[in-house]
Amino acid sequence: MNKNGVSEEDVLADLAKIKLLDTPYERVLSSMCTYPHPIAASVHQDFLETNMGDPGLFKGTTILEERVINLLGKLLHKPDACGYLSTGGTESNIQAIRAMKNCSISKKPNVVLPSSAHFSFEKTGNLTGVEMRRARLDPDLRVNIDSVKNLIDENTIGLVGIAGTTEFGQIDDIQQLSLIAEENDLFLHVDAAFGGFVIPFLEKHYSYDFEVEGVSSITIDPHKMGLSTIPSGGLLFRDKSLLESLSVHTPYLTVKTQSSLTGTRSGAAVAATYAVMMHLGMDGYKKVVDNCMDMTRYLVSGAKERGFSTVIDPVMNIVCLKMDSPVELQKRLLLEYGWRVSVTHNPQSLRLVVMPHLNKDIISEFLDDLASLA
Ligand code: 0PR
């Protein structure tokens, strides 16, 4: 740091220049995040100093968190679910597995999860010491139920299902997983980090949340399709005992225990999440998802017209185009046109996430650029 401070004007000019290096979302088809809704952005600003790590000091913001958990619980068919707002899907997944471990007696615990599970479960395994056993997928990229059954042994403490896989946007058969969990007396965690704000608003009904009896916990991220500010992740439990198993004593705080992984925690994101969920309501989110699905269909038909085909018919707003060497194309799309796309490896494809920051003009331009290179 300099001895003398720099003028506010100079600092802001410096920041504005550096921010130009960030990719504007209008060129991004690889992200599961987007511009926060304006109400979330402005409320975030109003609550910047609040800290959910010491809730006794911020009683108002704590009420907002309780309300958000209630709103998320209603969205997931369990208004009395308990939980908290985390920093995102990674923290929620870590905590869900940690809770399973804390409520089990096995000395060498393992969890069976789809091989499509997000890489946060690799971190989870490393941190918790719980072995992550990856079940293979069916051709439609949902987890293979026999493979899950075969991996269960006397040290298995739980299962994981994904409702909106990161790469392909596929939804595992949560009802089947629930039956296996109940038969074997296992916990079942559903990772709906992305899908949680999409699936309830799709035309087709999927049973994937607390509506399914065996589901014990759910990850759902407001900072993805919930249009809230970063960091806003959700972790909800059916039973209090799982959440309580995460609590530690906090001798010098305004409260006696804390269950979150982080200590100091953003109340701004809590307030922002409350604001956007209240403001949009079910109808507002339905419009957001309808728009994304409309753009998804537009992208798929445009891609097909240009000779491409999809790995699966998109279930949600993620499109994967079959490709022999997607990495090469990914590089050229960036270098020649400035597009950010991602790739999948198994099977190989060019992966496009159709977020609310896109529109049909952007998609048409992208498709023309793609066709010119392929
Ligand atoms: N679970 C699922 C199903 C996810 O898709 C993700 C993230 C997580 C958990 C972890 O969530 P956090 O990143 O909030 O901890 N999925 C995206 C990914 O890793 C996140 C992302 C967002 C990636 C924006 C890129 C990006 O620009 O691919």
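Residues numbered from 1 in each chain as written. Predicted model: local features only at pLDDT ≥ 70, side-chain atom pairs only at ≥ 80, totals over all residues. Heavy atoms only, no water.

Turning our eyes to something else, we now look at the domain arrangement of the protein chain. Looking at the assigned domains, one finds that the protein chain contains domain 1 (8-36 + 282-373) and domain 2 (38-278). With 29 residues of domain 1 at the contact, the number on the domain 2 side is 33 residues. Roughly 2500 Å² of surface becomes buried between domain 1 and domain 2 when both sides are summed, with 73% attributable to carbon and sulfur atoms. Three residues, Pro36, Tyr285 and Met316, lead the burial of domain 1 against domain 2; their summed loss comes to 29% of the area buried on that side. Where domain 1 meets domain 2, there are one salt bridge. Note that Lys286 and Glu203 form a salt bridge whose closest N and O atoms lie 3.4 Å from each other. Summed over the shared surface of domain 1 and domain 2, the number is four residue pairs in polar contact (both at pLDDT 80 or more). A per-element tally of the side of domain 1 that touches domain 2 places helix H9 (residues 267-305) first, with eight residues. Its residues placed into classes, the side of domain 1 that touches domain 2 shows 20 nonpolar, six polar and three charged. (Domains from an automatic or database assignment. Contact = heavy atoms within 4.5 Å. Buried area = accessible area lost by both parts, 1.4 Å probe. Salt bridge = Lys/Arg side-chain N within 4 Å of Asp/Glu carboxyl O. Polar contact = N/O pair within 3.5 Å; in protein donor to acceptor, adjacent residues only side chain to side chain. Helix = DSSP H or I, 4+ residues; strand = E, 2+ residues; numbered from the N terminus. Nonpolar A, V, L, I, M, F, W, Y, C, P; charged D, E, K, R; others polar.)

The element strand S5 (residues 187-191) is largely enclosed, with a buried count of four among its five residues. With respect to chirality, the unit in which strand S4 (residues 156-162) leads through helix H7 (residues 174-183) into the neighbouring parallel S5 is right-handed. As paired strands, S5 and strand S6 (residues 217-220) are joined by three bridges and run parallel to one another. Across the sheet, the residue bridging to His189 is Ser217, located in S6. (Buried < 20%, exposed > 50% of the residue type's maximum accessible area, 1.4 Å probe, protein only. Right-handed = clockwise from strand over helix to strand, strands pointing away. Pairing = 2+ DSSP bridges.)

The next subject is unusual backbone geometry. With an omega of 5 degrees, the peptide bond running from Ile230 to Pro231 counts as cis. Within the fold, Pro231 resides in the loop between S6 and strand S7 (233-237). In this chain, Asn346 is followed by Pro347 through a cis amide linkage whose omega measures 0 degrees. Note that Pro347 resides in the loop between strand S11 (342-345) and strand S12 (348-353). Despite not being glycine, Leu141 shows a phi value in the positive range, around 70 degrees.

With that settled, the discussion passes to the site of the ligand. Around the ligand, the structure places 17 residues, and the nearest of them are Thr90, His118, Thr166, Asp191 and Lys224. The separation between an oxygen atom of the ligand and a polar side-chain atom of Thr90 is 2.6 Å. The side chain of Asp221 places a nitrogen or oxygen atom 3.4 Å from an oxygen atom of the ligand. In the complex, the protein chains occlude 76% of the 590 Å² of accessible area that the ligand would expose alone. Tallied by class, the residues present in the shell around the ligand amount to four nonpolar, 10 polar and three charged. In this structure, the shell around the ligand is formed jointly by two domains, domain 1 (8-36 + 282-373) and domain 2 (38-278), each of which donates at least three residues. (Near = heavy atom within 4 Å. Areas by Shrake-Rupley, 256 points an atom, 1.4 Å probe, with all protein chains shown as cover.)

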